Amino acid sequence: MQTLWNEWRSVWSARSLVWVLTRREVAARHAGTAVGVLWPYLQPLLTVAAYYLVFDVVFSMRLGEGAPTHAVGTFLIVGALPWMAFCDAVSRGMNSLIEAGSMLQKNPLPPVLFTTRSVMASCVIFGPLLALVALAYTPLHGFRPAVAAILPLMALQLVLSVLIAYLLAILAAALRDTVQLVGFLLSVGIYLTPILFPLTLFPENWRWVLWLNPMTALVIGYQQVLLQGVLPPPIVWWVALTWVVVVALALDVVVKRSRDQLVDWL
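Residues numbered from 1 in each chain as written. Predicted model: local features only at pLDDT ≥ 70, side-chain atom pairs only at ≥ 80, totals over all residues. Heavy atoms only, no water.

### What about the packing of aromatic side chains?
Here is step 1 of the chain: In total, this model carries five aromatic pairs according to the counting rule given.
Here is step 2 of the chain: Pairing Phe197 with Phe202 gives two aromatic rings, centres 5.5 Å apart and planes at 20 degrees, and the pair type is stacked.
Here is step 3 of the chain: Take Phe202: its relative accessible area is 19%, and that puts it in the buried class.
Here is step 4 of the chain: Here Arg15 stacks its cationic end above the ring of Trp12, 4.2 Å away from the centre of that ring. (Phe/Tyr/Trp six-rings, centres within 6.5 Å; stacked < 30°, edge-to-face > 60°. Buried < 20%, exposed > 50% of the residue type's maximum accessible area, 1.4 Å probe, protein only. Lys NZ or Arg CZ within 6 Å of the ring centre and 35° of its normal.)

Written out as structure tokens, the structure reads:
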């Protein structure tokens, strides 16, 4: 893991530059819009508001027994918002090195800075929205202290997003088909995550398929914390940490083997 540790040191040493790049990317996302800086926040916020309006207000749909809450829209928001944050971070991070190819060819900057910038920009946008949802949901369970567990869940999601995005960014630089393949997987991944349905409604013999999605454990954790006000079960933490370790090991190997060819691929 020495190679990955060196990458982290590069990010930490250039943290001021990363923050400047992050602010520029956030600004680029709303450049030329009438709403301005509010636009990146309004898009996901209006999406989850539509879930609540359609499923809870208009149709008054309800989930069956075993669900953490019976209101469908309320249930969807808790899983959909972290999933949108994950997809945005991974997809933008995956394309970060390709987009920065000309700059990397002219400047000896660590490539990891550009992937980190893209993921951090997504964090700046979706982090406050997740905190807002947490505040809105706390009355459901009487402001229990377990809500504080959302902070380590968000931290785990951030770390996992950076690792996956950087891994995919290197693979995308080597093979452009990676972008199309991952785009397809992200589009169908919501159906393999307990976002549209509770885990208890999925056939028990096939639940292992859901655990192959790195966001399953985190989504279950968010549901436990925000909908029921309880700490996530140990399996949530163990699975999430296992994904972090597995992706970190894979990234360490890929970074080590691609170090000399990465700029040429771009």
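Let us keep going from here.
### Thoughts on the pattern of salt bridges
Here is step 1 of the chain: A complete count under the given rule lists three salt bridges for this structure.
Here is step 2 of the chain: Of the charged contacts in the structure, one is a salt bridge between Arg117 and Glu25, with a shortest N-O distance of 2.9 Å. One end of the pair, Arg117, is in helix α7 (residues 112-137); the other, Glu25, is in helix α2 (residues 15-29), with 92 residues separating them in the sequence. For the pair Arg117 and Glu25, a shared accessibility class is recorded, and that class is buried.
Here is step 3 of the chain: Note that Lys256 and Asp252 form a salt bridge whose closest N and O atoms lie 3.8 Å from each other. (Salt bridge = Lys/Arg side-chain N within 4 Å of Asp/Glu carboxyl O. Helix = DSSP H or I, 4+ residues; strand = E, 2+ residues; numbered from the N terminus.)

### Here's the deal with the packing of helix α4 (residues 72-94) against α7
When two helices pack together, their arrangement is given by the angle between their axes and by how far apart the axes lie.
Here is step 1 of the chain: Closest axis-to-axis distance for the α4/α7 pair is 8 Å, and the angle between their directions is 170 degrees. As judged from the angle between their axes, α4 and α7 are roughly antiparallel. Where α4 approaches α7, its residues Thr74, Ile77, Val78, Leu81, Pro82, Met84, Ala85, Asp88, Ala89, Arg92 and Gly93 are matched on the opposing element by Thr115, Ser118, Val119, Ser122, Phe126, Leu129, Leu130, Val133 and Tyr137.
Here is step 2 of the chain: Here the contact of α4 with α7 is built from residues that sort into 13 nonpolar, five polar and two charged. (Axes fitted to C-alpha atoms, helices over the stretch in contact; angles between N-to-C directions. Parallel < 35°, antiparallel > 145°, perpendicular 65-115°, else oblique. Contact = heavy atoms within 4.5 Å. Nonpolar A, V, L, I, M, F, W, Y, C, P; charged D, E, K, R; others polar.)

### As for the environment of Leu4
Here is step 1 of the chain: Tracing the backbone shows Leu4 in helix α1 (residues 2-13).
Here is step 2 of the chain: Here Leu4 falls in the buried class, since its relative accessible area comes to 15%.
Here is step 3 of the chain: Here the alpha-carbon distance between Leu4 and Leu262, two residues 258 residues apart in the chain, equals 16 Å.
Here is step 4 of the chain: Other than its neighbours up to four places away in sequence, Leu4 contacts Leu163, Ala248, Leu251 and Asp252.

### Concerning a nonpolar patch on the surface
Here is step 1 of the chain: Among the surface-exposed residues, Tyr52, Leu53, Val54, Val57, Val58, Phe59 and Met61 lie close enough to one another that they form a single nonpolar patch of about 650 Å² accessible area.
Here is step 2 of the chain: Here Leu53 is to be found in helix α3 (residues 39-58). (Patch = residues over 30% accessible without salt bridge, like charges linked within 9 Å, V, L, I, M, F, W, Y side chains within 5 Å. Areas by Shrake-Rupley, 256 points an atom, 1.4 Å probe, with all protein chains shown as cover.)

### Quick notes on α3
Each α-helix winds once per 3.6 residues, and so residues spaced three or four apart point in a common direction.
Here is step 1 of the chain: Those residues of α3 lying buried are Pro40, Pro44, Val48 and Asp56. Projected down its long axis, α3 carries its buried residues within an arc of 80 degrees, all on one side. Of the exposed residues in α3, those oriented more than 90 degrees away from the buried face are Leu46 and Val58.
Here is step 2 of the chain: For α3, the elements touching its buried residues are α2, α4 and α7.
Here is step 3 of the chain: Ser60 sits one or two residues past α3 and shows a positive phi near 50 degrees. (Arc of directions from axis to C-beta.)

### Quick notes on the nonpolar core
Here is step 1 of the chain: One finds Leu97, Ile170, Leu218, Leu226 and Leu251 to be the most contacted residues of the largest nonpolar core, which totals 72 residues.
Here is step 2 of the chain: Elements represented by at least two residues in this core include exactly α1, α4, α7, α8 (150-174), α9 (177-189), α11 (216-228) and α12 (234-258). (Core = buried A, V, L, I, M, F, W, Y, C linked by side-chain atoms within 4.5 Å.)

### Considering the environment of Cys123
Here is step 1 of the chain: Looking at the element boundaries, Cys123 is found in helix α7.
Here is step 2 of the chain: Residues Cys123 and Leu158, spaced 35 residues apart in sequence, show a C-alpha to C-alpha distance of 7.3 Å.
Here is step 3 of the chain: Non-local contacts of Cys123, meaning those with residues more than four positions away in its chain, are made with Pro128 and Leu158.

### Considerations on the packing of α4 against α8
Here is step 1 of the chain: Remark: α4 packs on α8, axes separated minimally by 7 Å, with the N-to-C direction vectors making an angle of 35 degrees. Classified by chirality, the crossing of α8 by α4 is right-handed. Residues Pro82, Ala85, Phe86, Ala89, Val90, Gly93 and Met94 of α4 pack against Gln157, Ser161, Ile164, Ala165, Leu168, Ala169 and Ala172 of α8.
Here is step 2 of the chain: Looking at the contact of α4 with α8 residue by residue, the classes come out as 11 nonpolar, three polar and no charged. (Left-handed = near helix turned anticlockwise from the far one by under 90°.)

### Examining the side chain of Arg117
Here is step 1 of the chain: For Arg117, a relative accessible area of 13% corresponds to the buried category.
Here is step 2 of the chain: A polar contact is formed between the side chain of Arg117 and the side chain of Glu25, at a distance of 2.9 Å.
Here is step 3 of the chain: Sequence-distant contacts of Arg117, defined by excluding residues within four places in its chain, comprise Leu21, Thr22, Glu25 and Ser96. (Polar contact = N/O pair within 3.5 Å; in protein donor to acceptor, adjacent residues only side chain to side chain.)

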